[in-house]
Amino acid sequence: MDSILSNNTWVLVDLPPSSKPIGCKGVFRRKYNTNGSIQMFKAILVAKGFTQKEGVDYFDIYSPVARITSIRVLFVLASIYKLHVHQMDVKTTFSKGGSVYEAT
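What counts, and where the lines are drawn
Residues numbered from 1 in each chain as written. Predicted model: local features only at pLDDT ≥ 70, side-chain atom pairs only at ≥ 80, totals over all residues. Heavy atoms only, no water. Helix = DSSP H or I, 4+ residues; strand = E, 2+ residues; numbered from the N terminus. Buried < 20%, exposed > 50% of the residue type's maximum accessible area, 1.4 Å probe, protein only. Contact = heavy atoms within 4.5 Å. Areas by Shrake-Rupley, 256 points an atom, 1.4 Å probe, with all protein chains shown as cover. Pairing = 2+ DSSP bridges. Expected span 1.5 Å × (residues − 1). Patch = residues over 30% accessible without salt bridge, like charges linked within 9 Å, V, L, I, M, F, W, Y side chains within 5 Å. Salt bridge = Lys/Arg side-chain N within 4 Å of Asp/Glu carboxyl O. pLDDT = per-residue confidence, 0-100.

**Considerations on the overall build of the chain**
Then, number 1: A count of helices and strands for the chain gives 2 helices and 3 strands.
Then, number 2: In the chain, the succession of helices and strands from N to C terminus is α-β-β-α-β.
Then, number 3: Scored against the burial criterion, the 104 residues of the chain give a buried share of 4%.
Then, number 4: Residue pairs at least 24 apart in sequence account for 42% of intrachain contacts in the chain once pairs closer than 6 positions are excluded.
Then, number 5: About 10,400 Å² of surface is accessible on the chain, with carbon and sulfur atoms providing 58% of the total.

Encoded structure:
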């Protein structure tokens with residue numbers, strides 16, 4: 001949450017009068033060690049996006065996933081122009097949201 005706030009990832013706005021908020025559901029799981037003892041508890045909050053209707057509740061869909069052909073083109077261009085390619089790891093991605101709690 002601190003990362004979201006410090007990076008100005010989103011802005012809190014009022015819900016339009018004609019709209020309903022999306023519901024959510026908590027999913028709770030236990031992860032086990034190989035010996036059968038509980039390793040940790042996982043809690044994930046999931047939005048019920050299936051309640052939305054296209055054209056009413058949303059208009060565009062965007063998924064920031066690169067195709068392998070796009071990555072290959074970038075490597076080819078880097079090779080042609082003799083550029084250095086650096087790898088980085090983004091620590092604040094939210095592809096699998098949720099909180100992890102250690103078992104005691």
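**Focus on the pairing of strand β1 (residues 24-32)**
Then, number 1: With 9 bridges joining them, β1 and strand β2 (residues 38-47) adopt antiparallel strand pairing. The residue of β2 that forms the bridge with Lys25 is Val46.
Then, number 2: Where β1 folds back onto β2 in an antiparallel hairpin, the turn is made up of 5 residues, including Gly36, whose phi is positive at roughly 95 degrees.

**Topic: unusual backbone geometry**
Then, number 1: Look at Lys82: it is not a glycine, yet its phi comes out positive at around 55 degrees.
Then, number 2: Its place among the elements puts Lys82 in the loop between α2 (68-80) and β3 (99-102).
Then, number 3: A relative accessible area of 73% means that Lys82 is categorised as exposed.

**A closer look at α2**
Then, number 1: Compared with an ideal rise of 1.5 Å per residue, which puts 13 residues at 18 Å, α2 spans 18 Å between its outermost C-alpha atoms and is within 8% of the ideal.
Then, number 2: Immediately downstream of α2, the backbone of Lys82 shows phi near 55 degrees, a positive value.

**Considerations on a nonpolar patch on the surface**
Then, number 1: A cluster of nonpolar side chains, Val73, Leu74, Val76, Leu77, Ile80, Tyr81 and Leu83, forms an exposed patch at the surface whose accessible area comes to about 740 Å².
Then, number 2: Looking at the element boundaries, Tyr81 is found in the loop between α2 and β3.

**Brief notes about the confidence of the model for the chain**
Predicted coordinates in areas of low pLDDT are best not read in detail.
Then, number 1: Across the chain, the average pLDDT comes to 80, with 83% of residues at or above 70.
Then, number 2: Looking across the chain, the model is least confident in β3, with a mean pLDDT of 42, and most confident in α2, with 92.
Then, number 3: Predicted confidence for residues 95-104 stays below pLDDT 50, and this span has 18 contacts to residues more than four positions away or in other chains.

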